[in-house]
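# Report on the structure
The primary structure of each chain is shown beneath.
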Amino acid sequence: MEEPAPALVELKGVNKHFGDLHVLRDIDLTVHKGEVLVVIGPSGSGKSTLCRAINRLETIDTGTITIDGSPLPAEGRSLARLRADVGMVFQSFNLFAHKTVLDNVTLGPRKARGTPKKDAEEAALTLLRRVGVENQARKMPAQLSGGQQQRVAIARALAMQPKVMLFDEPTSALDPEMVQEVLDVMVALAKEGMTMIVVTHEMGFARKAADRVVFMADGQIVEEADPDTFFTAPTSSRAKDFLSKIL
Ligand code: ADP
Ligand code: MG
């Protein structure tokens with residue numbers, strides 16, 4: 001029998017409050033190596049907080065989060081190392097506005113990993129080619145379209161050679177005609193075996209690339225299923241109600 005893929009991201013009993021607001025409630029979630037998990041749910045349900053907690057941009061109150069077997073430490077060098085294992089792509093592309101596309105992609109490896117400039121640039125150009133923007137390398141972010149900028153943001157995250165990639169609504173700030181070019185890059189990445197956690201309402205992406213869909217509401221995981229089952233036969237009333245609004 002085939003060995004099950006090891007757990008790459010594991011959350012156990014995770015709780016998080018913002019003041020009186022209980023934003024993550026007893027979250028148990030395991031993402032295996034090579035798995036693509038889509039997280040879906042209404043605005044305010046805690047999806048971004050979940051991503052930020054996994055990248056330790058946000059602390060948690062109780063519970064544990066482990067990345068590839070190592071518990072997320074509070075701070076220090078070991079945190080920086082674990083954080084480098086988790087690539088993150090946000091809704092707003094968050095590129096450094098005053099640096100070229102190439103510098104945006106090489107900066108992380110040069111600063112955090114000490115990669116020599118020449119090697120970092122070679123690797124960056126390969127990544128930029130992979131996301132289809134290699135001829136934009138010398139430009140500034142503002143000279144690129146939103147879709148191109150988001151693809152650069154993906155290349156920048158990949159440059160750190162992360163073990164898992166988190167995407168928090170990566171296409172929701174894009175003009176509609178640019179959504180597909182970003183989703184195509186993400187689908188390709190999924191096919192190459194990247195472990196991914198993707199917050200998105202793009203059903204086409206979920207059906208094409210997701211192994212599993214998690215539906216969140218009010219800080220809880222309400223439902224978990226394969227994409228076909230989730231989109232065609234959701235079981236909870238919260239999920240049914242949500243899907244009736246977005247589909
Ligand atoms: P989602 O990404 O699903 O829309 P979020 O994780 O962004 O949800 O937010 C969950 C809840 O936590 C929301 O009610 C939001 O207003 C609140 N929240 C998020 N970040 C903060 C913060 N830094 N301080 C206080 N409340 C926050
Ligand atoms: Mg969000």
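Look up a bit, the structure's there.
In this text, all values refer to a predicted model and were calculated from it rather than measured experimentally.

## Details of the site of ligand 1
The environment of ligand 1 is formed by Phe-18, Leu-21, Val-23, Pro-42, Ser-43, Gly-44, Ser-45, Gly-46, Lys-47, Ser-48 and Thr-49. Separating an oxygen atom of ligand 1 from a backbone N or O atom of Ser-45 is a distance of 3.1 Å. Lys-47 places a polar side-chain atom, nitrogen or oxygen, 2.7 Å from an oxygen atom of ligand 1. Taken by itself ligand 1 offers 560 Å² of open surface, and the protein chains cover 59% of this. Put simply, the parts of the chain that give the shell around ligand 1 at least two residues each are β2 (21-32) and α1 (47-54). When residues in the shell around ligand 1 are grouped by element, the largest group, 3 residues, is from α1.

## Quick look at the environment of Arg-151
Structurally, the position occupied by Arg-151 is in helix α5 (residues 146-159). Excluding residues that lie within four positions of it along the chain, Arg-151 makes contacts with Val-131, Gly-132, Val-133, Glu-181, Val-182 and Val-185. At a separation of 3.0 Å, a polar atom in the side chain of Arg-151 contacts the side chain of Glu-181.

## A closer look at the sheet that holds strand β4 (residues 62-67)
A sheet is described by the order of its strands in space; here 4 strands give the open sequence β2-β1-β4-β5, paired in antiparallel fashion. Two strands bound the open sheet, and with one partner strand each, they are β2 and β5 (70-71). Bridge analysis of strand β1 (residues 7-18) against β2 gives 8 bridges, and the strand direction is antiparallel. Bridged to Lys-16 within β2 is Leu-24. Of the strands in this sheet, β1, β2 and β4 are in contact with α1, which crosses β2 at around 60°.

## Details of the environment of Gly-147
Tracing the backbone through its elements, the reader meets Gly-147 in helix α5. For Gly-147, a relative accessible area of 0% corresponds to the buried category. Sequence separation between Gly-147 and Glu-169 is 22 residues, and the spatial gap between their C-alpha atoms is 13 Å. Not counting the four nearest positions on each side in its chain, Gly-147 is found in contact with Leu-174, Met-178, Glu-181 and Val-182.

## What about the pairing of strand β10 (residues 220-225)?
Here 5 bridges tie strand β9 (residues 212-217) to β10, and the two strands are oriented antiparallel to one another. When the bridges of β10 are listed, Phe-215 appears paired with Glu-223. Between β9 and β10, which pair antiparallel in sequence order, lie 2 residues; one of them, Asp-218, sits at a positive phi of approximately 50°.

## What to know about the sheet that holds strand β6 (residues 86-89)
Spatially, the 6 strands line up as an open sheet ordered β6-β7-β8-β3-β9-β10, and their pairing is mixed. Across the chains shown, the open sheet's two edge strands, defined by having one partner strand only, are β6 and β10. Across the sheet, the mean angle from the axis of one strand to that of its neighbour is 20°, orientation sign disregarded. Bridge count between strand β7 (residues 164-168) and strand β8 (residues 195-199): 5 bridges; the pairing is parallel. Bridge pairing in β8 links Val-164 to Thr-195. On top of the sheet, helix α9 (residues 237-246) reaches β3 (36-40), β9 and β10; it is set at about 100° to β9, its chief contact.

Scoring rules and cut-offs
Residues numbered from 1 in each chain as written. Chains lettered and ligands numbered in written order. Predicted model: local features only at pLDDT ≥ 70, side-chain atom pairs only at ≥ 80, totals over all residues. Heavy atoms only, no water. Near = heavy atom within 4 Å. Polar contact = N/O pair within 3.5 Å; in protein donor to acceptor, adjacent residues only side chain to side chain. Areas by Shrake-Rupley, 256 points an atom, 1.4 Å probe, with all protein chains shown as cover. Helix = DSSP H or I, 4+ residues; strand = E, 2+ residues; numbered from the N terminus. Contact = heavy atoms within 4.5 Å. Pairing = 2+ DSSP bridges. Axes fitted to C-alpha atoms, helices over the stretch in contact; angles between N-to-C directions. Buried < 20%, exposed > 50% of the residue type's maximum accessible area, 1.4 Å probe, protein only.

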